[in-house]
Amino acid sequence: MSTVALITGAASGIGAAVARRLAAGGAKCVLVDRDGEGAERLGKEVGGVWLEADVSHEEASLEAVALAERHYGRLDLVHLNAGVSGRVDLADFDAERYRQVVGVNVDGVVFGVRAGVPLLARSGGGAIVATASLAGLVAFSGDPVYTMTKHAVVGLVRALAEPLAARNIRIGAVCPGFTDTPLVAETREMFVNAGFPLLTADDVAAAVESAFYAETPGALLIVQPGRQPVPYRYAGVPGPAGGQRPPRAD
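Residues numbered from 1 in each chain as written. Predicted model: local features only at pLDDT ≥ 70, side-chain atom pairs only at ≥ 80, totals over all residues. Heavy atoms only, no water.

The protein carries the name SDR family NAD(P)-dependent oxidoreductase in an unreviewed UniProt entry, which gives Nonomuraea mesophila as its organism. What the UniProt record of the protein gives under Sequence similarities (unreviewed entry) is the line "Belongs to the short-chain dehydrogenases/reductases (SDR) family." (UniProt positions renumbered as here; feature names shortened; annotations may be inferred.)

(A) How the structure looks around helix α4 (residues 95–122). The terminal C-alpha atoms of α4 lie 39 Å apart, and with 28 residues this matches the ideal 40 Å at 1.5 Å per residue to within 8%. Where α4 bends most, the angle comes to about 40 degrees, and this point is G103. Its side-chain oxygen placed 3.1 Å from the backbone nitrogen of E96, D94 serves as the N-cap of α4. (Helix = DSSP H or I, 4+ residues; strand = E, 2+ residues; numbered from the N terminus. Expected span 1.5 Å × (residues − 1). Bend = angle between axes of the 7 residues up to and from the residue. Polar contact = N/O pair within 3.5 Å; in protein donor to acceptor, adjacent residues only side chain to side chain.)

(B) Main features of the layout of surface pockets. Size it by volume and the second largest pocket reaches roughly 250 Å³. Lining the second largest pocket are 13 residues, with T216, G218, A219, L220 and R233 positioned closest to its centre. Looking at the lining of the second largest pocket, the elements that each hand over two or more residues are α5 (144–165) and β7 (220–223). (1 Å grid on protein atoms, 1.4 Å probe; cavity = no way out; pocket = protein on both sides within 12 Å on 5 of 7 lines; lining within 4 Å. Points joined across faces, edges and corners; volume = space filled by probe spheres on them.)

(C) Main features of the pattern of salt bridges. In total, this model carries six salt bridges according to the counting rule given. Among the ionic pairs, E40 bridges to K44, the shortest N-O distance being 3.0 Å. Residue E40 and its partner K44 are located together in helix α2 (residues 36–46), separated by four residues, close to a single helical turn. In this structure K44 comes out as exposed when scored by relative accessible area, which is 56%. Its salt-bridge partner being R122, residue E69 comes within 3.1 Å of it at the nearest N-O pair. (Salt bridge = Lys/Arg side-chain N within 4 Å of Asp/Glu carboxyl O. Buried < 20%, exposed > 50% of the residue type's maximum accessible area, 1.4 Å probe, protein only.)

(D) Expanded view of the sheet that holds strand β4 (residues 77–80). One open sheet holds the eight strands; their spatial order is β3-β2-β1-β4-β5-β6-β7-β8, and the pairing between them is mixed. Looking at the sheet topology across the chains shown, the edges are occupied by β3 (49–52) and β8 (230–231). As paired elements, β4 and strand β5 (residues 126–131) share four bridges and run parallel to each other. Within β5, the residue paired with L77 across the bridge is A127. Contacting β1 (4–8), β2 (28–33) and β3, helix α3 (residues 58–72) runs over the sheet at an angle of about 160 degrees to β3. Sheet contacts for helix α7 (residues 201–212): β4, β5, β6 (169–176) and β7; angle to β6, the most-contacted strand, approximately 155 degrees. (Pairing = 2+ DSSP bridges. Contact = heavy atoms within 4.5 Å. Axes fitted to C-alpha atoms, helices over the stretch in contact; angles between N-to-C directions.)

Written as structure tokens, this is what we have:
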């Protein structure tokens, strides 16, 4: 039985590289992107199905999962990859742009998890991987709103790890550095001129595949040029003075 994977932001960049990688291994792919022509083109290339949709709307994720069930009868892997850069100037605030960024980067992940979990569970379990960023682990002053959204994704993944594991569903995230995709097209020349190495979409796709099968729930894989992906470790938070444990909720 073929593995079935749903990928958002699949028309280009990391999402397209993940689709090609999984399809080469025999997976059936459900591709979602606002770029309908790009999703269709890749869908035909990898022998999958596609949906033109904006993941900032809840209906997009529900329709994508329904498409997976209708065509393939199951769902095993979900890559919540769709994302946009922030470029929100807090001094000259554009509320519409702000809502767009939060809608894609945060709501799209929440809606994707909410829609995908029931079919993953009915299929016997599976895995969800979100594309976060190093900006989800450290402060990136160049784009504060983007940084906020990626911290939110990391927090969601960590908080959902235990309850989803109880349903035989692994959730994790990849946290790549700057990657040569359309997301950084406007600044690519700056990186090249400065001699700053960029990840390729294939580098990140390999890490996504690893994250799908990570043994530790809530794994956050750091992906940097020239290095093997490594899990991020939090230092932990000091407890209250006196060492008293909080009361149990039950």
